[in-house]
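Okay, here's what each chain looks like letter by letter:
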Amino acid sequence: MSGDTDLGYSEVEEELRANVRALLADRAPAQATLARTETEQTTDLALWRALAGELGVTGLPVPEELGGAGASWREVAVVLEELGRAVAPVPYFGSCVLATAALLTIGERKILPQLASGEAIGTLAVPFAKPPAGAFPTDVRVSGGLLSGTVRHVADALAADVLLVPAVAEDGTPELYAVTGAYVEPMVSLDMTRQLAVVTLEEVEGVLLASGSNAAAAVGAALEWGAALLASEQLGVAEWALTTTVAYAKERHQFGRPIGSFQAVKHRLADLWVLVTQLRAVARAGAGAVTRGVDVPLCSALAQAFASGAAVTAAEEAVQLHGGIGFTWEHPAHLYLKRAKSASLALGTADRHRARIAELVDLEV
Amino acid sequence: MDAELTRAISGLLTAHDPATTPVADFLGARFDAGLAWVHFPEGLGGRSAPRAVQQEVNDAFAAAGAPTLDSGRHGIGLGMAAPTLLAHGSDEVRRRFLRPLWTGEEVWCQLFSEPGAGSDLAALGTRAVREGEDWIVDGQKVWTSLAHEADWAILVTRTDPDVPKHRGMTYFVCDRHAPGVEVRPLRQATGEAEFNEVFLTGVRIPDAHRLGAVGDGWRVAQTTLMNERVAIGGHAEPREGGMIGVLARTWREHPELHTPAQQDALLRLWVDAEAARLTSERLRQQLAAGQPGPEGSAAKLAFARLNQQISGLELDLLGAEGLEYHDWSFRRPAHPSMLDGSPGYRYLRAKGNSIEGGTSEILRNIIAERVLGLPQEIRVDKDVAWKDLPR
Ligand SMILES: Cc1cc2nc3c(=O)[nH]c(=O)nc-3n(C[C@H](O)[C@H](O)[C@H](O)COP(=O)(O)OP(=O)(O)OC[C@H]3O[C@@H](n4cnc5c(N)ncnc54)[C@H](O)[C@@H]3O)c2cc1C
C-alpha cells in the first residue's frame, strides 16, 4: 500500500537536487529562458549537454549495464522538480521520461544507452494531451512496411533524434517503431519553453521495437508513469510561484507597509503553501509508486487529478499577487503560468484522471 | 525495529493475551515495558528509542489485536497533555500522571479558552495567586470539551497582570475534582453538549503541579497547541479513512442517487482527501525524526475544510433523507465521535473543526508568519501590560 512509500527525500536525492539547481541557476537564468522563446531554437541544447555530460542525469532509471546510472524514478522526479522550477527548455520529459519508460518496458537495449548518455534525444510521438488510460493511438498506420500519418502536439520532438512512434499495422495490431526520418514542424505553443510540434510521416521506414500487447504496454507505461512523474515538474513550477511570490510580498511596500503584512495577501499565501505541501506529498507518492511498481494506476491518476489544478492555482496566484509587474512580458511569471496550464492539459486533464480514479476505487455512476 | 524491540513486544503479547486481558491492565503492562511512547524515557512509558519506530510498534500491536484508547475520549490526554507533561513536567509530575493517562484510567481536558480569550489566548484572565506552597485560582474557562468526564485538566492562568500579556502566564495541572471547580454543560449546534463552561473559584493547586517556570506559561502552552494541531489533523489514516470513507460508502450503497455532477464533486473531494492523507503521512514520517512544527497547522487547516465539504456533499447526495436528523435531545457524550450519529450531525459537527484548536484564520496567520516568514500584523497589544489592554 502507498502507506509504506517513503514520501521524503534521501540525502543522495538532496545532493542531486543541489547540483541540478546550481547548474540551472548558472546556465538557465529566467531572462535567457524568456529570450529563447522568441528564437528559432527554443530548446537549449547546451544546457541539455551539461545535464547529460556534467551531471549525468539523463539515464537515472536505466541500469548501469545499459549505460545508465542504475538509480530510480525517484531521482528522476527530483530532477523534474528542479527543471520545473526553472521552466528549463530541455527535452528531459520526452527523452528521459516518456521514451525511456517505453524502452525500459520492452527491454530495448540499443537506443536506450544513447538516451541514457544524453548523446541522443528521443520522445514518444503521441499527442501531448493524450491520457494514459485511453485507446492505443491510431494517428499513424503501417502499409507495405512503411509508416504514414500525422501526429499533432508532440512534446520534445523538435530536438529529438529518434521518435518512438506508435502505429497500427494493416491487420490492426498495435506496434511501436523507432523512426528517424520524420518531418517535424514547430507549432506556436501556449508554452514556448516546451514547444510542441507536428510530426508528419509519409511512407517512412521505421525499426519495429514491439508489437501487439508489448507495444500497447510500452505506450501505456510511458503515459502512466509520465503522468505520475509530471506531477514533480508541476511541483517545481508551483514552488517557484510560491517562493517568488512570498519574497515579493515581503519586499513590495504599499500603504507604508509590506503587502505581505495584509491579511488578504497573507492568507492566500498560507493557503498556497498548504496546497504546495500537499502537491509535494502527491508527487512523491507518484514517484514512489512508479519506482516500486506498486499502486501505479491510482497514484498516477491521483498525481494528475491533483497536480494539474494545484500548479495552475500557484501560477495564477503568482501573477495576481505581483500586480501589474506580474502581467508583463518582462517578468517570468507568465512562463510559469503557461507551463502550468499546458502541463494541466498534458497527459489528460484532471477530470479524465478523476474518471479513472472512479473506475479504480469503485465510485462510478 | 531492532530485535530487542521485537522481542519486547512479543514477550508482552505472550504474557498478556490482548483477547483476555482487561484494557487498562494491558495498556499498563505496555507502559511498564516501555512500549507506550517508545521515545519517552525509561520508566515513563518509553525506552528512549527513536520516534521513528513508534509507528511500527503501534502497527505490531494493532496486528496482534491489542486494545487502544478511544481518541474521542482520550485525545486531549494522549495528544496534548502527555507531550506537554513530558516536555515541561518535573520528574514527580511525569511519574504521577503519565501512566494513568496512557491506560485511560484518568481522562483529561483542556482549560485554555475563556469568554474574553479565544483566538487571542494570551489575553486570558483566570488569576492564579501564590499562597505558600499552593496557588489559588479564580476565573472562568469556556468551550471545555469533556470537562464533564475529565479527572485532570491542563490549565493556563494569569500570574502577573502587570507585564505584557505573553509574559505573565503560568501553566498548571489542575484536579478537575478539586473543591471550587464547577462544570456546567454548554449545549452546541448539534444538540448535545460535548463542551462546558468551567468556573474556578478559590481552587487550590499545589506548586508541585506547575509545568514550566512561573511566567513561562505561554511557551509551555505552545507545546500543547503544536501537538494539538498535529493530533487533530496529522493522523496516519488508511486510504478512505475518516469522513471521505463515509461518503464513499454512502455513494456505493445508493446507486439510485447518483448524478454525474455529484460524482464529479465526490471525486474532487476524494482526490483532495487522498492528497491531504498523503500530506499527513509525509508529516508523520518527518515527525518521526523530530518535534511537531507549525506544519501541523497545514494538516489541521486542510482537515477542517475537507470535513466540512465532504459532510455537506453527503447531505446533498442524500437529498430527501438529508432533511432528517437523528436526535436533538440534550445529552453529554462520554465518547464523542465525528463519524457517528447522522449525516446531519456530521455536517453540523464539522463546522466546529475550523474553530476548535485554533480557527482556520489563525492557522493561516501562523503559517504565513512562522513558516513563510511574512511580516506580522501591526500589533497594538504587544508592549502593553495585560491589565491595561482594551477589552
Ligand atoms: C467544538 C469545540 C471544542 C472546543 N474545545 C476546547 C477545549 O477543550 N478547550 C479549550 O480551551 N478551548 C476549546 N475550544 C475553543 C476554541 O479553541 C476557540 O473557540 C477558538 O480558539 C476561537 O476562539 P473564540 O471562540 O473566542 O473566537 P474569536 O477568537 O472571537 O474569533 C471570532 C472570529 O474572528 C476571527 N479572528 C480572530 N482573531 C483573528 C485574527 N487575528 N485574524 C483573523 N481573524 C481573526 C476568528 O478566526 C473567528 O472567525 C473549542 C471550540 C469548539 C468549537
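Because the structure is a prediction, the values reported are computed rather than measured.

*Asks:* Tell me about the overall build of chain A, residues and numbers included.
*Replies:* A tally of regular secondary structure across chain A gives 11 helices and 10 strands. Here chain A has a C-alpha radius of gyration of 20 Å; the compact-globule value for 365 residues is 21 Å, and the two agree. Projecting the C-alpha coordinates of chain A onto the three principal axes gives extents of approximately 75 × 50 × 40 Å. Residues counted as buried form 61% of the 365 residues belonging to chain A. Put simply, of all contacts in chain A between residues at least 6 apart along the chain, 77% involve residues at least 24 apart.

*Asks:* Please set out the interface of chain A and chain B residue by residue, giving values where relevant.
*Replies:* One widely used convention gives an interface's size as the accessible area the parts lose upon coming together. Between chain A and chain B, the contact holds 45 residues from the first and 43 residues from the second. When chain A packs against chain B, the two sides together hide about 3700 Å² of surface, and 66% of this comes from carbon and sulfur. Counting the surface chain A buries against chain B, the share from its top three residues, A:Trp273, A:Arg354 and A:Leu363, is 20%. Linking B:Glu377 and A:Lys266 is a salt bridge whose minimum nitrogen-to-oxygen distance equals 3.5 Å. Connecting chain A to chain B are 19 residue pairs in polar contact (both at pLDDT 80 or more).

*Asks:* Can you explain the confidence of the model for chain B? Please cite residues and give values.
*Replies:* Of all residues in chain B, 97% have pLDDT values of 70 or greater, and the mean over the chain is 94. Complex prediction metrics read pTM 0.94 and ipTM 0.95.

*Asks:* I'd like to hear about the domain arrangement of chain A, residue by residue, with values.
*Replies:* Residue and element names in this part refer to chain A. Domains assigned within chain A are domain 1 (3–120), domain 2 (140–215) and domain 3 (217–360). Taken together, the contacts link nine residues of domain 2 with 11 residues of domain 3. Around 810 Å² of area is buried between domain 2 and domain 3 when both sides are counted, 53% of it from carbon and sulfur atoms. Its largest share of buried area at the contact with domain 3, domain 2 owes to Leu190, Asp191 and Arg194, together 53% of the area lost on that side. Counting across the interface, domain 2 meets domain 3 through two salt bridges.

*Asks:* Hey, could you go over the site of the ligand for me, with residue numbers and the actual values?
*Replies:* Taken together, the neighbourhood of the ligand is formed by 18 residues, with B:Ser113, B:Ser119, B:Trp143, B:Thr359 and B:Glu361 sitting nearest. In this structure, the ligand sits where chains A and B come together, each supplying nearby residues. Within the contact set of the ligand, an oxygen atom lies 2.7 Å away from a backbone nitrogen or oxygen of B:Ser113. Contact distances for the ligand include 2.7 Å between an oxygen atom and a side-chain N or O atom of B:Glu361.

*Asks:* Any details on the pairing of strand E5 (residues 174–179) of chain A? Residues and values, ideally.
*Replies:* Residues and elements named next belong to chain A. Burial analysis of E5 places five of its six residues in the buried class, the great majority of the element. Bridge count for strand E4 (residues 162–168) against E5 is six bridges, and the pairing is antiparallel. For Val165, the partnering residue across the bridge sits in E5 and is Tyr177. Pairing of E5 with strand E8 (residues 207–211), which is carried by four bridges, proceeds in the antiparallel orientation.

*Asks:* I'd love a proper account of the UniProt feature "domain: Acyl-CoA dehydrogenase/oxidase N-terminal" (unreviewed entry) in chain A, names of residues and values included.
*Replies:* The UniProt feature table records "domain: Acyl-CoA dehydrogenase/oxidase N-terminal" (unreviewed entry) at residues 11–119 of chain A. Span residues 11–119 of chain A is 63% helix and 0% strand, its end C-alpha atoms 28 Å apart.

*Asks:* Outline the packing of helix H9 (residues 296–318) of chain B against helix H11 (residues 360–371) of chain B, supporting the account with residue identities and numerical values.
*Replies:* Residue and element names in this part refer to chain B. Axis separation between H9 and H11 bottoms out at 10 Å; the angle between their running directions is 150°. Between H9 and H11, the crossing angle belongs to the class labelled roughly antiparallel. Viewed along their axes, H9 and H11 form a crossing whose handedness is left-handed. Between H9 and H11, the contacting residues are Ser297, Ala298, Lys300, Leu301, Ala304 and Arg305 on the first element and Ser360, Leu363, Arg364, Ile366 and Ile367 on the second. Residues of the contact of H9 with H11, tallied by class, amount to six nonpolar, two polar and three charged.

*Asks:* Got a sec to walk through the UniProt feature "domain: Acyl-CoA dehydrogenase/oxidase C-terminal" (unreviewed entry) in chain A? Specific residues and values, please.
*Replies:* As annotated in UniProt, the feature "domain: Acyl-CoA dehydrogenase/oxidase C-terminal" (unreviewed entry) corresponds to residues 220–359 of chain A in the numbering used here. The distance separating the terminal C-alpha atoms of residues 220–359 of chain A is 17 Å; by composition the span is 79% helix and 3% strand.

*Asks:* Please provide a residue-by-residue account of helix H1 (residues 11–27) of chain A, values included.
*Replies:* Residue and element names in this part refer to chain A. Taking 1.5 Å per residue as the helical rise, H1 with its 17 residues ought to reach 24 Å, and the 24 Å between its terminal C-alpha atoms agrees with that figure. Restricting attention to buried positions, one finds in H1 the residues Glu13, Leu16, Arg17, Val20, Leu23 and Leu24. All buried residues of H1 lie within an arc of 135° about the axis, which places them on one face of the element. Among the exposed residues of H1, those pointing more than 90 degrees away from its buried face are Glu11, Glu15, Ala25 and Asp26. Where H1 is buried, its residues touch helix H3 (45–54), helix H4 (73–85) and helix H8 (263–292).

*Asks:* Which residues make up the packing of aromatic side chains, and what values go with them?
*Replies:* Counted under the stated rule, the structure contains 15 aromatic pairs over all chains. Relative to A:Tyr336, the ring of A:Trp240 lies with its centre 3.7 Å away and its plane at 0°, an arrangement referred to as stacked. Of the two residues, A:Trp240 is situated in helix H7 (residues 213–251) and A:Tyr336 in helix H10 (residues 333–345); the sequence distance between them amounts to 96 residues. Given the relative accessible area of 12%, A:Trp240 is considered buried. Residue classification places A:Tyr336 among the buried positions, given a relative accessible area of 3%. One aromatic cluster is present, formed by B:Phe31, B:Trp37, B:Phe40 and B:Trp102 through successive ring pairs.

*Asks:* Tell me what's going on with unusual backbone geometry, and back it up with residues and numbers.
*Replies:* All names here are of chain A. Positive phi outside glycine occurs at Asp362, with the angle close to 60°. Mapping Asp362 onto the fold places it in the segment after helix H11 (350–360). Of the residues examined, Asp362 reaches a relative accessible area of 48% and is grouped as partly exposed.

*Asks:* How would you sum up the packing of helix H9 (residues 296–321) of chain A against H11(A)? Please name residues and give values.
*Replies:* All names here are of chain A. Taken N-terminus to C-terminus, the directions of H9 and H11 make an angle of 145°; their axes are 8 Å apart at the nearest point. The element H9 and its partner H11 pack so that their crossing is left-handed. Within the contact between the two elements, H9 uses Pro297, Leu298, Ser300, Ala301, Leu302, Gln304, Ala305 and Ser308 and H11 uses Ala350, His353, Arg354, Arg356, Ile357 and Leu360. Its residues assigned to classes, the contact of H9 with H11 shows eight nonpolar, four polar and two charged.

*Asks:* Give me the lowdown on the environment of B:Gln376, citing residues and values where you can.
*Replies:* Residue and element names in this part refer to chain B. Among the secondary structure elements, Gln376 is positioned in the segment after H11. Here Gln376 falls in the partly exposed class, since its relative accessible area comes to 40%. Through-space distance from the C-alpha of Gln376 to that of Ile366 is 9.6 Å; in sequence the pair is 10 residues apart. Within the structure, the side chain of Gln376 is placed 3.5 Å from the side chain of Glu369, a separation counted as a polar contact.

*Asks:* Outline the pattern of salt bridges, listing residues and values.
*Replies:* Tallied over the full model, the rule gives 51 salt bridges over all chains. A:Arg280 serves as the salt-bridge partner of A:Glu239, at 2.0 Å between the closest nitrogen and oxygen. Taken together, the residues A:Glu239 in helix H7 and A:Arg280 in helix H8 connect sequence positions 41 residues apart. Per residue, the accessibility class of A:Glu239 equals that of A:Arg280, and both read buried. A salt bridge links B:Glu281 to B:Arg284, with the shortest nitrogen-to-oxygen separation between them at 3.0 Å. Here B:Arg284 and B:Glu281 lie together in helix H8 (residues 260–287), a separation of three residues that amounts to about one turn. Overall, B:Glu281 belongs to the buried group, its relative accessible area being 6%. Here the residues in one salt-bridge network are A:Glu14, A:Arg17, A:Arg21, A:Glu81, A:Glu82, A:Arg85, A:Glu239 and A:Arg280, joined through shared partners.

Cut-offs used in this document
- Residues numbered from 1 in each chain as written.
- Chains lettered and ligands numbered in written order.
- Predicted model: local features only at pLDDT ≥ 70, side-chain atom pairs only at ≥ 80, totals over all residues.
- Heavy atoms only, no water.
- Helix = DSSP H or I, 4+ residues; strand = E, 2+ residues; numbered from the N terminus.
- Rg over C-alpha atoms; globule rule 2.2 N^0.38 Å.
- Buried < 20%, exposed > 50% of the residue type's maximum accessible area, 1.4 Å probe, protein only.
- Contact = heavy atoms within 4.5 Å.
- Buried area = accessible area lost by both parts, 1.4 Å probe.
- Salt bridge = Lys/Arg side-chain N within 4 Å of Asp/Glu carboxyl O.
- Polar contact = N/O pair within 3.5 Å; in protein donor to acceptor, adjacent residues only side chain to side chain.
- pLDDT = per-residue confidence, 0-100.
- Domains from an automatic or database assignment.
- Near = heavy atom within 4 Å.
- Pairing = 2+ DSSP bridges.
- UniProt positions renumbered as here; feature names shortened; annotations may be inferred.
- Axes fitted to C-alpha atoms, helices over the stretch in contact; angles between N-to-C directions.
- Parallel < 35°, antiparallel > 145°, perpendicular 65-115°, else oblique.
- Left-handed = near helix turned anticlockwise from the far one by under 90°.
- Nonpolar A, V, L, I, M, F, W, Y, C, P; charged D, E, K, R; others polar.
- Expected span 1.5 Å × (residues − 1).
- Arc of directions from axis to C-beta.
- Phe/Tyr/Trp six-rings, centres within 6.5 Å; stacked < 30°, edge-to-face > 60°.

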